[in-house]
Amino acid sequence: MSDRAIPEELALELGLDDPDDPESLRRMLATRLGCSLEQLGTPTVLRRSLDARRGRLRFQLLLTCDPERQRQLVDAGPAPRDCSPDARVVVIGDGPAGLFAAYELARQGIATRVLERGKLVQPRRFDLKRVQRQGSVDPNSNYCFGEGGAGTYSDGKLYTRATKRGDVRDVLAILAAHGAPERILSDARPHIGSNRLPQVVTALREHLERVGVQFHFESQVTGLEVTGTGSERRVSGVVCADGSRYAAEAVIVATGHSARDVLEMLDAAGCRLENKAFALGVRIEHPQPLINRIQYGAQANHPRLPNADYHLAHTEQGRGVFSFCMCPGGFIVPAATAPEELVVNGMSLSRRDSPYANSGMVVGIEPTDWQGLGLTGPLGGIELQRRLERTAYAAGGGGFRAPATRATDFVRGRASSTVPASSYQPGLSAGDLAEVLNSAGLPLAQRLRRALEVFGSKMRGYVSEEAVLVGLESRTSSPVRVPRDPASLQHPDLGGLFPAGEGAGYAGGIVSAALDGMAVARAVAKLNAVSPR
């Protein structure tokens, strides 16, 4: 090896009991390569994953000793520049799409004004406690609305398959530069946690404020100002609920999957909207040790193993049924955005050490499904969500208690008289979730029931008395897409309006939303009208 260059990347497989400190890894690499320790620098992990296939648990590491590759791993790219105080771009929504759009524009010296209907991270916490403990929701400050968007208090999962949308590493490096743990740069399924992500979001916002980006919280946008007629129509500003008006040469709409009133506002303004498929179902919760035993077998209690996760998928009657947003060591939380509409979601803290595991278990729904129920128009899918969420609220008995059924009872087609303990703080009401799911007239329960039977055969013990189904998981994504020109990314009927992120139908998680926001920001920057002055 002495006369050959050391490879830029090196793969290493470790057993559960093999040491993985830098010096041990260095010695292993030297042995593997047949070189001296002096020829190797300190190795850096580029990627770390756990391989549990065929019951043989191993850690797979991709390493580098190349200083340039090590620098690239943590490089957060161009820093935001000082912006003119003349903010000519308005961003509606301070979730990942809006926040990263503002960040990307600031990199190019373009000032933005970010309008967020909800509150800052810290005061938002009190509104979340009010939902959990008092059964009262603030329509503008909850698990979906507020600084950082839905992801801030819904786990901080950073895994994405959206690698074609942009540079995933760029998003992760920006988050790490603002306080996220550096392990997100190498973990195969990176995760920050709902206890750490709020501080990261705050640090990002404060950085942007220092270079001139303006943030307005508790500023709900209720209208668009439009000039021109016909094909010359163009957005010229926005109107807020308190009467404030902000002129704009470009407006980025990045309001997330639950801002239904914004979609209604766009519809009223004559912006064409389109139906989009989504998924709806329940949360399924197990004791975490049960999932660990199923996934890890005899090694389930090994101290090096993280709490186990899973991914399940099945096609039933032409519709996909699949696990969604799985939270090992997590909690089920009330994610409603309006009174008497019950929505649940999952989250976990950075250590993922709750005694429970939960996952969305949802059924795919196509526009033809709700159109067949007479729910026509671009907002028909939203009406389907509302109907089921209100039915779930009533079935829970109010106060955001959630209707729940043991998995064994659900598969047998019967109601539960009791349910196991749960992480869901408002509490569970034992009953028959099949009645809730089927109340809209779609065979959701039948499809879910058959899928659970299949999943139970794949993961022995998954369908058990200890497993409970909790409803309703209905905000997996928006059932509406706001169309945009594939080249300019503007709405085809309204110049200067740039739909972005989950709420517009172009993303499905924190990283993909951030990537879409950055892509839209680059499209905005191409407009001569908003080039830096």
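Residues numbered from 1 in each chain as written. Predicted model: local features only at pLDDT ≥ 70, side-chain atom pairs only at ≥ 80, totals over all residues. Heavy atoms only, no water.

K.L.:
Hey, could you run me through the overall build of the chain in this one?
P.N.:
Within the chain, the secondary structure is distributed over 14 helices and 22 strands. Relative to the 2.2 N^0.38 estimate, which gives 24 Å for 533 residues, the radius of gyration of the chain is 24 Å and therefore close to what a compact globule would have. With the C-alpha coordinates of the chain rotated into their principal frame, the extents come out at 75 × 65 × 40 Å. In the chain, which comprises 533 residues, the share counted as buried stands at 59%. (Helix = DSSP H or I, 4+ residues; strand = E, 2+ residues; numbered from the N terminus. Rg over C-alpha atoms; globule rule 2.2 N^0.38 Å. Buried < 20%, exposed > 50% of the residue type's maximum accessible area, 1.4 Å probe, protein only.)

K.L.:
What is the right way to read the sheet that holds strand 1 (residues 10–14) from this model?
P.N.:
The pairing of strands in a sheet comes from backbone hydrogen bonds and takes either a parallel or an antiparallel form. Pairing is antiparallel across the open sheet formed by 3 strands, whose spatial order is 1-3-2. With one partner strand each, in any of the chains shown, strand 1 and strand 2 (44–51) form the two edges of the open sheet. Pairs of neighbouring strands in the sheet enclose a mean axial angle of 20 degrees, with direction left out of account. With 5 bridges connecting them, strand 1 and strand 3 (residues 58–64) associate as antiparallel partners. Bridge assignment links leucine 12 to a residue of strand 3, and that residue is leucine 61. (Pairing = 2+ DSSP bridges. Axes fitted to C-alpha atoms, helices over the stretch in contact; angles between N-to-C directions.)

K.L.:
What's the story with the pairing of strand 12 (residues 278–287) in this structure? I'm lost.
P.N.:
Side-chain direction in a regular strand flips from residue to residue, so the side chains alternate between the two faces of the sheet. Counting buried positions over the 10 residues of strand 12 gives 9, a clear majority of the element. The pairing of strand 12 with strand 17 (residues 356–365) spans 10 bridges and is classified as antiparallel. Note that in strand 17 the partner of phenylalanine 278 across the bridge is isoleucine 365. As paired elements, strand 12 and strand 20 (residues 468–473) share 4 bridges and run antiparallel to each other. Each bridged residue has a counterpart across the sheet, and for glutamate 285 the counterpart in strand 20 is valine 468.

K.L.:
Just to check I follow, could you spell out the packing of helix 3 (residues 96–107) against helix 5 (residues 168–177) for this structure?
P.N.:
Helices that pack against each other are described as a pair by the angle of their axes relative to one another and the distance between those axes. The geometry of helix 3 relative to helix 5 is characterised by a closest axis approach of 13 Å and an angle of 90 degrees between their N-to-C directions. In terms of orientation, helix 3 lies roughly perpendicular with respect to helix 5. Within the contact between the two elements, helix 3 uses Phe100, Tyr103 and Arg107 and helix 5 uses Asp170, Val171, Ile174 and Leu175. Along the lines of polarity and charge, the residues of the contact of helix 3 with helix 5 split into 5 nonpolar, no polar and 2 charged. (Parallel < 35°, antiparallel > 145°, perpendicular 65-115°, else oblique. Contact = heavy atoms within 4.5 Å. Nonpolar A, V, L, I, M, F, W, Y, C, P; charged D, E, K, R; others polar.)

K.L.:
Would you mind going over the packing of aromatic side chains with me for this structure?
P.N.:
The geometry of two aromatic rings is summed up by the distance between their centres and the angle between their planes. If you walk through the whole model with that rule in mind, you get 5 aromatic pairs. An angle of 85 degrees between the planes, with centres 5.3 Å apart, marks the rings of tyrosine 310 and tyrosine 462 as edge-to-face. Taken together, the residues span a long stretch of sequence, with tyrosine 310 in the loop between helix 8 (288–296) and strand 13 (313–316) and tyrosine 462 in the loop between helix 13 (444–458) and strand 20 at a distance of 152 residues. The ring of tyrosine 159 carries arginine 189 above its face, with NZ or CZ at 4.0 Å from the centroid. (Phe/Tyr/Trp six-rings, centres within 6.5 Å; stacked < 30°, edge-to-face > 60°. Lys NZ or Arg CZ within 6 Å of the ring centre and 35° of its normal.)

K.L.:
Sorry if this is basic, but what is going on with the nonpolar core here?
P.N.:
Note on soluble globular proteins: their nonpolar side chains tend to be buried together. Leu448, Leu452 and Tyr462 are the most contacted members of the largest nonpolar core, which totals 73 residues. Sorting elements by how many residues they give to this core places helix 13 first, with 7 residues. Setting aside residues up to four positions removed in sequence, leucine 448 forms contacts with Val282, Val321, Met361, Val363, Phe410, Leu437 and Leu469. Listed in part, the 58 residues of the second largest apolar core include Ala87, Val91, Phe100 and Ala514. (Core = buried A, V, L, I, M, F, W, Y, C linked by side-chain atoms within 4.5 Å.)

K.L.:
Quick question: what am I supposed to make of unusual backbone geometry here?
P.N.:
Keep in mind that most residues, glycine aside, have a negative phi and that most peptide bonds are trans. Following glycine 471, the chain continues to leucine 472 via a peptide bond in cis, the omega torsion being 20 degrees. With respect to the helices and strands, the residue leucine 472 is situated in strand 20. Here glutamate 218, not a glycine, exhibits a phi torsion of approximately 55 degrees, which is positive. Examined against the element boundaries, glutamate 218 turns out to sit in the loop between strand 6 (214–217) and strand 7 (221–227).

K.L.:
What is the right way to look at the sheet that holds strand 12 in this model?
P.N.:
Strand order across the open sheet formed by 7 strands is 13-14-17-12-20-18-19, with mixed pairing between neighbours. Across the chains shown, the open sheet's two edge strands, defined by having one partner strand only, are strand 13 and strand 19 (428–430). Neighbour-to-neighbour, the strand axes of this sheet turn through a mean angle of 30 degrees, independent of strand direction. Against the sheet, helix 8 engages strand 12 and strand 17, with an angle of about 95 degrees to strand 12. Across the face of the sheet, helix 13 comes into contact with strand 12, strand 13, strand 14 (319–327), strand 17 and strand 20 while running at roughly 135 degrees to strand 13.

K.L.:
Which parts of the structure should I look at to understand helix 10 (residues 380–396)?
P.N.:
For an α-helix, 3.6 residues make a turn, and residues three or four places apart therefore share a direction. Over its 17 residues, helix 10 runs 25 Å from end to end, which matches the ideal 24 Å to within 8%, given 1.5 Å per residue. Those residues of helix 10 that sit buried are Gly380, Gly381, Ile382, Leu384, Gln385, Arg386, Leu388, Glu389, Ala392, Tyr393 and Gly396. Just past helix 10, the residue glycine 397 takes up positive phi, approximately 95 degrees. (Expected span 1.5 Å × (residues − 1).)

K.L.:
Please explain the state of the cysteines as it appears in this structure.
P.N.:
Put plainly, a disulfide is one covalent bond tying together the sulfur atoms of two cysteines. With the rule as written, the count across this model stands at 0 disulfides. Distance from the sulfur of cysteine 144, which forms no disulfide, to the nearest cysteine sulfur (cysteine 325) is 12 Å. Cysteine 144 sits in the buried class, given a relative accessible area of 10%. (Disulfide = S-S within 2.5 Å.)

K.L.:
When you look at the packing of helix 5 against helix 14 (residues 510–525) in this model, what are you seeing that I'm missing?
P.N.:
Where helix 5 contacts helix 14, the two axes come as close as 10 Å, and the packing angle between them is 105 degrees. As summarised for this structure, helix 5 and helix 14 are arranged roughly perpendicular, according to the angle between their axes. Touching Val168, Asp170, Val171, Leu172 and Ile174 of helix 5 are Val511, Ala514, Leu515 and Met518, all from helix 14. Across the contact of helix 5 with helix 14, the residue classes break down as 8 nonpolar, no polar and 1 charged.

K.L.:
Explanation requested: the environment of valine 211 in the structure shown.
P.N.:
Assignment of secondary structure puts valine 211 in the loop between helix 6 (197–210) and strand 6. The spatial distance from the C-alpha of valine 211 to the C-alpha of alanine 106 is 7.6 Å, given a sequence separation of 105 residues. Beyond its immediate sequence surroundings of up to four residues, valine 211 is in contact with Pro80, Arg81, Asp82, Cys83 and Ala106.

K.L.:
Quick question: what am I supposed to make of the side chain of histidine 207 here?
P.N.:
Looking at where histidine 207 falls in the secondary structure, it is placed in helix 6. Excluding anything up to four places from it in sequence, histidine 207 contacts Pro80, Tyr103 and His178.

K.L.:
I'm lost on the side chain of threonine 405 in this one. Help?
P.N.:
Its place among the elements puts threonine 405 in strand 18 (residues 402–406). On the basis of relative accessible area, threonine 405 is assigned to the buried category, the value being 0%. Within the structure, threonine 405 has its side chain in polar contact with the backbone oxygen of glycine 431 (distance 2.8 Å). Reaching out from threonine 405, the side chain makes a polar contact with the backbone nitrogen of leucine 433 at a distance of 2.9 Å. Those residues within four positions of threonine 405 in sequence are excluded, and the remaining contacts are Phe410, Arg414, Ser416, Val419, Gly431, Asp432, Leu433, Val468 and Leu469. (Polar contact = N/O pair within 3.5 Å; in protein donor to acceptor, adjacent residues only side chain to side chain.)

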